[in-house]
Amino acid sequence: MEDEDKIMQQIVSFAKTFYEKLDFAHNIEHGKRVVRNAKLIMQQEDGNKFLIEAGSWLHQFHDNLEEVQKFINTLDINEKLKNDLFEIVKCRPSKINEESSIEAKIVYDADAIEVLSTYGMIREILCNIKCRDKNWEDTIKDTISVQERFRKKLMTNTAKNMLQKDFAVIDEFWKLYEEWL
């Protein structure tokens, strides 16, 4: 659909401008990975393709909800889609639940992979040190805490299956890490 493609281009452009202002861990490459993860999950879980892709691009606005709400309101889509898209962006571990839409669950899980995979664990550690200026002890404690919070709230079986090997490696890693302390 031509109109849908045009709207998606607006969304991607808006998101890219936002990502340019963010740190290395939340830049455009992060956005692209979340979109890719969401598309992979969607292959098994279904859902509205437009909402999943748009929500993936906009997911990082979770701390800038007023800004993204204003943008969403400018889109030439119906009010239900606007509301559904905004609900997807708001989904964080404290807000996602079984009643959330499949699209919100998919986008949440796609972003969670960025914390829960082996790559994501390294990304989180570096972000804590470099961007959040945390000391080593707090970096490790907070990385483990974030991983636990996101892992408990994974919503789709597809994401859980995608992360099985990563969970085994990470669990063993933290166990061995503790032994060396």
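For the structure itself, look to the data block above.
What you are looking at is a predicted structure, and each value in this text was computed from that prediction instead of being measured. Counting of residues starts from 1 at the beginning of each chain's written sequence and follows it residue by residue. Given that this is a predicted model, residues contribute local features only at a pLDDT of at least 70 and side-chain atom pairs are listed and counted only at 80 or more, while totals for whole chains, interfaces and linings are drawn from all residues. Side-chain metrics in this entry use all non-hydrogen atoms of the structure; hydrogen atoms and water are not considered.

### What to know about the pattern of salt bridges
Argument step 1. One side-chain nitrogen of Lys or Arg within 4 Å of one carboxyl oxygen of Asp or Glu is enough to make a salt bridge. Using the criterion set out here, one finds 16 salt bridges in the structure.
Argument step 2. In this structure, Lys-70 engages Glu-66 in a salt bridge whose closest nitrogen and oxygen atoms are separated by 3.6 Å. A residue pair is termed a helical-turn pair when its members lie 3 or 4 positions apart in one helix, as Lys-70 and Glu-66 do in helix 4 (residues 65-74) at 4 residues. Note on accessibility: Lys-70 and Glu-66 belong to one class, exposed.
Argument step 3. For Glu-79, the salt bridge is made with Lys-82, and the minimal N-O distance between the two is 3.5 Å. Of the two residues, Glu-79 and Lys-82 both sit in helix 5 (residues 79-90), 3 residues apart, roughly one turn of that helix.
Argument step 4. Burial classification: accessible surface area is computed with a 1.4 Å probe over protein chains only, and a residue below 20% of its type maximum counts as buried, one above 50% as exposed, and the rest as partly exposed. With a relative accessible area of 7%, Lys-82 lands in the buried category. Numbering of helices and strands runs from the N terminus; a helix is a DSSP stretch of H or I covering at least four residues, while a strand is a stretch of E covering at least two.

### Considering the packing of helix 4 against helix 5
Argument step 1. Running from N to C, helix 4 and helix 5 point in directions that differ by 155°, and their axes come no closer than 10 Å. In terms of their interaxial angle, helix 4 and helix 5 are classed as roughly antiparallel. Here helix 4 runs over helix 5; the crossing is right-handed. Facing helix 4, whose interface residues are Leu-65, Val-68, Gln-69, Ile-72 and Asn-73, helix 5 presents Lys-82, Leu-85, Phe-86, Val-89 and Lys-90. In this analysis, axes come from line fits to C-alpha atoms, helices being fitted only over the stretch in contact, and the angle between any two N-to-C directions falls in the range 0 to 180 degrees. Any angle between 65 and 115 degrees counts as roughly perpendicular, while under 35 counts as roughly parallel, over 145 as roughly antiparallel, and the rest as oblique. In this scheme, a crossing is called left-handed if the near helix is turned counterclockwise away from the far one by less than a right angle; it is called right-handed if the turn is clockwise. Residues count as neighbours in contact if any of their non-hydrogen atoms are within 4.5 Å of one another.

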